[in-house]
2 protein chains.
Amino acid sequence: MSYEIEQLLLKHGVKPTPQRAVIAQFLLSTHSHPTADEVFQAVSESLPVPLSRATVYNTLNCLVEAGVLIEVVVEPGKSRYDANTSQHHHFVDTESGKIIDVRPEEVKNLPLKLSEGFLDGAFDVEDYRITFFGKRKG
Amino acid sequence: MSYEIEQLLLKHGVKPTPQRAVIAQFLLSTHSHPTADEVFQAVSESLPVPLSRATVYNTLNCLVEAGVLIEVVVEPGKSRYDANTSQHHHFVDTESGKIIDVRPEEVKNLPLKLSEGFLDGAFDVEDYRITFFGKRKG
DNA sequence: ATTCATGCAAAGCATTTGCACATAA
DNA sequence: TTATGTGCAAATGCTTTGCATGAAT
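Owing to the predicted nature of the structure, the values given are computational and were not obtained by experimental measurement.

Rules used throughout
Residues numbered from 1 in each chain as written. Chains lettered and ligands numbered in written order. Predicted model: local features only at pLDDT ≥ 70, side-chain atom pairs only at ≥ 80, totals over all residues. Heavy atoms only, no water. Least-squares fit on C-alpha atoms with pLDDT ≥ 70 in both. Contact = heavy atoms within 4.5 Å. Helix = DSSP H or I, 4+ residues; strand = E, 2+ residues; numbered from the N terminus. Polar contact = N/O pair within 3.5 Å; in protein donor to acceptor, adjacent residues only side chain to side chain. Domains from an automatic or database assignment. Buried area = accessible area lost by both parts, 1.4 Å probe. Salt bridge = Lys/Arg side-chain N within 4 Å of Asp/Glu carboxyl O. Nonpolar A, V, L, I, M, F, W, Y, C, P; charged D, E, K, R; others polar. Buried < 20%, exposed > 50% of the residue type's maximum accessible area, 1.4 Å probe, protein only. Phe/Tyr/Trp six-rings, centres within 6.5 Å; stacked < 30°, edge-to-face > 60°.

Asker: Help me get a handle on the relation of the copies chain A and chain B, residues and values and all.
Answerer: Two copies of the chain are present, and they differ by a rotation about an axis and a shift along that axis. You can overlay chain A on chain B at an RMSD of 0.1 Å; the transform is a turn of 180° with a shift of 0.0 Å along its axis. On this basis, the relationship between the two copies can be described by a two-fold rotation axis. Across chain A, the smallest distance between a C-alpha and the rotation axis is recorded for A:Ile130, namely 2.2 Å. Most of the interface of chain A is mirrored in chain B, where 100% of its interface residues again form contacts.

Here it is, written out as structure tokens:
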């Protein structure tokens, strides 16, 4: 496994194993927001090590807990994974279902705030995520 | 079933039945964003008609398709339902898991736009939803 | 030796579906 | 009677878990 991936995992307190490295590597190489099953398919095909679905699920959960990945839920029933852990938003193409990362700089009028009176000011907003929906032009 | 609920269902092209009316009624009466199972529990308890889980699922899907409800997904694995169909956002209390509706007027800096250059201007944004995360103060 | 990741198969949930029965127009 | 909603139970799909094996410290 590559030195960089190994360092990344170690930095997050995750013991580097071939399976973990290859799954993390795959997620770093794509912007397609794959599901667990898509990760399993993709990684199984082109892999020096064998891989079971259980390990894919265990590994994805482990990497999410460690902060290497984030879990993205846009449709009910399945989770998607994203190695882009910096604060960002998503655009969902409602025709293809594709999910595209949107950097905060690409959204005008950020940062957002709730009005002072929101619920008597009883809550602190720590973060927010925006999901845009739309279609390809033309 | 009440006249108003009946009219609401008819207006959306849904044939009013006791089960549908009572499920719609329950969702109109709460802001708790219940899951299908919570709807089943709540409605089963205080009900003149018997009710099966299949009917709850069928009905919720039917009401979502008809535009009477919206489906809200904040956690993987289960859908939640909301009779507030006007465009709005959500605040998730990360300690209790509670979901609170946020009216657009309560968010400063709206409306949002993507910058002109976003993906070469290839997409039209039709809508967006914001999910805020935070905690109760103190 | 001890710890812990992996693989397999079984189990667990949320949800959907097939089919028979009931109900309403 | 014709269409359609409902109920039950079985099936499905995604994910988790238990347990035995295997690798690494």
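What follows picks up the thread again.
Asker: Explain the side chain of B:His89 residue by residue, including any values.
Answerer: All names here are of chain B. With respect to the element layout, His89 can be found in strand 3 (residues 89-93). Among the polar contacts listed, one links the side chain of His89 to the backbone nitrogen of Ile130, at a separation of 3.0 Å. Not counting residues up to four positions away in its chain, the partners in contact with His89 are Ile100, Asp101, Val102, Pro104, Val107, Leu110, Tyr128, Arg129, Ile130 and Phe132.

Asker: Can you lay out the domain arrangement of chain A for me, pointing to particular residues and giving the numbers?
Answerer: All names here are of chain A. In terms of domains, chain A is made up of domain 1 (3-82) and domain 2 (89-134). Spacing between the C-alpha centres of domain 1 and domain 2 amounts to 25 Å. The interface of domain 1 with domain 2 comprises seven residues on the first partner and six residues on the second. Carbon and sulfur atoms make up 64% of the surface buried where domain 1 meets domain 2, a total of about 500 Å² over both sides. Run the count over domain 1 and domain 2 and you get zero salt bridges. At the junction of domain 1 with domain 2, the criterion picks out four residue pairs in polar contact (both at pLDDT 80 or more). Elements supplying a minimum of two residues to the side of domain 1 that touches domain 2: strand 1 (70-72) and strand 2 (80-82). Taken together, the residues of the side of domain 1 that touches domain 2 sort by class into three nonpolar, two polar and two charged.

Asker: Residues and numbers for the environment of A:Asp93, please.
Answerer: Tracing the backbone shows A:Asp93 in strand 3 (residues 89-93). By relative accessible area, which is 6% here, A:Asp93 ends up buried. Taking C-alpha positions, A:Asp93 is 5.3 Å from A:Lys135, a pair spaced 42 residues apart along the chain. Excluding its chain neighbours within four sequence positions, the residues that come into contact with A:Asp93 are A:Lys98, A:Gly134, A:Lys135, A:Arg136 and B:Phe123.

Asker: Any chance you could break down the packing of aromatic side chains for me, citing the residues and the numbers?
Answerer: Using the criterion set out here, one finds six aromatic pairs over all chains in the structure. Geometrically, the ring pair formed by A:Phe118 and B:Phe91 is tilted, given 5.7 Å between the ring centres and 55° between the ring planes. In this pair, A:Phe118 is assigned in the loop between strand 6 (113-114) and strand 7 (123-136) and B:Phe91 in strand 3, connecting two distinct chains. The same class applies to A:Phe118 as to B:Phe91, namely buried.

Asker: Break down the side chain of A:Arg80 for me, citing the residues and quoting the values.
Answerer: By the secondary structure assignment, A:Arg80 is in strand 2. Side-chain polar atoms of A:Arg80 contact the side chain of A:Glu75, separated by 2.7 Å.

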